[in-house]
Amino acid sequence: MLIDNHNRKINYLRLAVTDRCNLRCNYCMPAEGINFAKNDKLFAIDELYTLSKIMVEQGIDKIRITGGEPFVRKDLMVLLRKMAILDGLKDISITTNATLIGPYIDELKELGITNINVSMDAIQKETFNIITRRKQYETVYQNLIRLISEGFNVRINFIVLDGQNTQDILPILEAMKKYDVSVRFLEEMPFNGGSKSFNTIKWDYKNIFKHIADAYSNIEKLESPRTSTSINYKIRGHKGTFGLIPSFSRTFCGTCNRLRISATGDVITCLYGKPSMNLREVLRNEKAEENIKLHILKAIGSRAKTGFDAQKNHSSVFDSSMTSIGG
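These notes cover the structure that comes with them. (Residues numbered from 1 in each chain as written. Predicted model: local features only at pLDDT ≥ 70, side-chain atom pairs only at ≥ 80, totals over all residues. Heavy atoms only, no water.)

1. Section: the nonpolar core
And step 1. In this structure, I65, M176 and F185 are the most contacted members of the largest nonpolar core, which totals 77 residues.
And step 2. Not counting residues within four places of it along the chain, the set of residues in contact with F185 comprises F158, V160, I169, I172, L173, I208, I212, F242, G243, L244 and I245.
And step 3. Core analysis: the next-biggest nonpolar cluster, separate from the first, contains 12 residues, C21, M29, L161 and I245 among them. (Core = buried A, V, L, I, M, F, W, Y, C linked by side-chain atoms within 4.5 Å. Buried < 20%, exposed > 50% of the residue type's maximum accessible area, 1.4 Å probe, protein only. Contact = heavy atoms within 4.5 Å.)

Following this line, the structure appears as structure tokens:
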């Protein structure tokens, strides 16, 4: 079992399998993209499995596969097939932009990998195209509805961007009202390749809720798991739910149970702090298992208590693209 220096149990790993993405969302990276890591700097599939196995042995029982866009890796299913039979791993989930998942939906269901987060920051095609700088709306929407219809546990992650997509907040709730899906609205974070930084935001979780509550009077607050990052609600007459994630306000730090490992091996204990260490060469050298376990114990033994504490030792300008740190 992994316990950090603030007595928080760590059982959830966000594992990035690539830093590449086929979209160019304007809050995530510049239009021209970033300098993606060379292949030898990325974990191979066997290395990702070995790393997963070691982490499960240390007490991780939930792994979320992230990127970049995970399905950019054409060998991703090889990893998922191996992870699906890993003893001690209770939950494998995936965060995806849903552009490339279509051909794999049937096998994912067979493997029991049914927890899928779809990143979709607009329900209107024009808004979607402007934010993503790509014309993939129909593919994303069709795959989203297919996942929901085939019984996957789908959550839509909608980052609220001032001046860009706030007009889509209510329409996406209306569009999803007949589906068993959770629409989760995230506060914007200052990770976008250095093009923007901020100390306050207009659309924090309270203002997002007010915007929704002004349109719907019949909202019920739901009880959420202790480690949940979202505050969850139900609108009467809607089949699904919606949630608010205070990613900038950071109200959930006290129960944080997660750890991140980037596609290049950086161990990230808080998005607002710097990477604690890198595991890539550790994994490729002698006594890999023993040394990785020691490195992980060291990382979680020196975690910041909150995102605000982590930020004190970090620049106020976040010059990392989310795609490079497992966003």
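2. A few points about the environment of K62
And step 1. The residue K62 is located in strand β4 (residues 62-66) in this model.
And step 2. By relative accessible area, which is 21% here, K62 ends up partly exposed.
And step 3. Each C-alpha atom, one on K62 and one on I92, is 6.0 Å from the other, the two residues being 30 residues apart in sequence.
And step 4. In this structure K62 touches N11, Y12, L13, L89, D91 and S93, once residues within four positions along its chain are discounted. (Helix = DSSP H or I, 4+ residues; strand = E, 2+ residues; numbered from the N terminus.)

3. Describing unusual backbone geometry
And step 1. Cis geometry is found at the peptide bond from G67 to G68, where omega equals 10°.
And step 2. Turning to its location among the elements, G68 is positioned in the loop between β4 and α2 (76-83).
And step 3. At A98, a position not held by glycine, the phi torsion is positive, near 65°.
And step 4. For A98, the position within the fold is in the loop between β5 (91-96) and α3 (105-111).
And step 5. A residue is classified by how much of its surface remains accessible, and A98, at 0% relative accessible area, is buried.

4. As for the environment of R303
And step 1. Positionally, R303 belongs in the loop between α9 (288-300) and α10 (307-312).
And step 2. Under the relative-accessibility criterion, R303 is labelled buried at 4%.
And step 3. For R303 and G88, which are 215 residues apart along the polypeptide, the C-alpha to C-alpha distance reads 25 Å.

5. Here we look at the pairing of strand β6 (residues 115-119)
And step 1. Pairing geometry for β5 and β6, over four bridges, is parallel. Paired with T95 across the bridge in β6 is N117.
And step 2. Between the parallel pair β5 and β6, the chain is carried across by α3, and the sense of this crossover is right-handed.
And step 3. Summarising the sheet, β6 and strand β7 (residues 153-160) pair through five bridges and their orientation is parallel. Directly across from N115, in β7, lies its bridge partner N153. (Pairing = 2+ DSSP bridges. Right-handed = clockwise from strand over helix to strand, strands pointing away.)

6. Re the state of the cysteines
And step 1. With the rule as written, the count across this model stands at zero disulfides.
And step 2. Between C21, a free cysteine, and C25, which holds the nearest cysteine sulfur, the sulfur-to-sulfur gap is 6.3 Å.
And step 3. Just so you know, C28 is unpaired, no disulfide at all, and the nearest cysteine sulfur is the one on C25, 6.5 Å from it. (Disulfide = S-S within 2.5 Å.)

7. Quick notes on the sheet that holds strand β3 (residues 12-16)
And step 1. Taken together, the 12 strands give an open sheet; going across it, the order is β9-β10-β11-β8-β7-β6-β5-β4-β3-β12-β13-β14, and neighbouring strands pair in mixed fashion. This sheet does not close on itself; its edge strands, each paired only once, are β9 (219-221) and β14 (277-278).
And step 2. Where α2 meets the sheet, it contacts β4 and β5, and its direction lies at approximately 175° from that of β4.
And step 3. The sheet contacts of helix α5 (residues 137-149) involve β6 and β7, and relative to β7 the element is tilted by about 145°. (Axes fitted to C-alpha atoms, helices over the stretch in contact; angles between N-to-C directions.)

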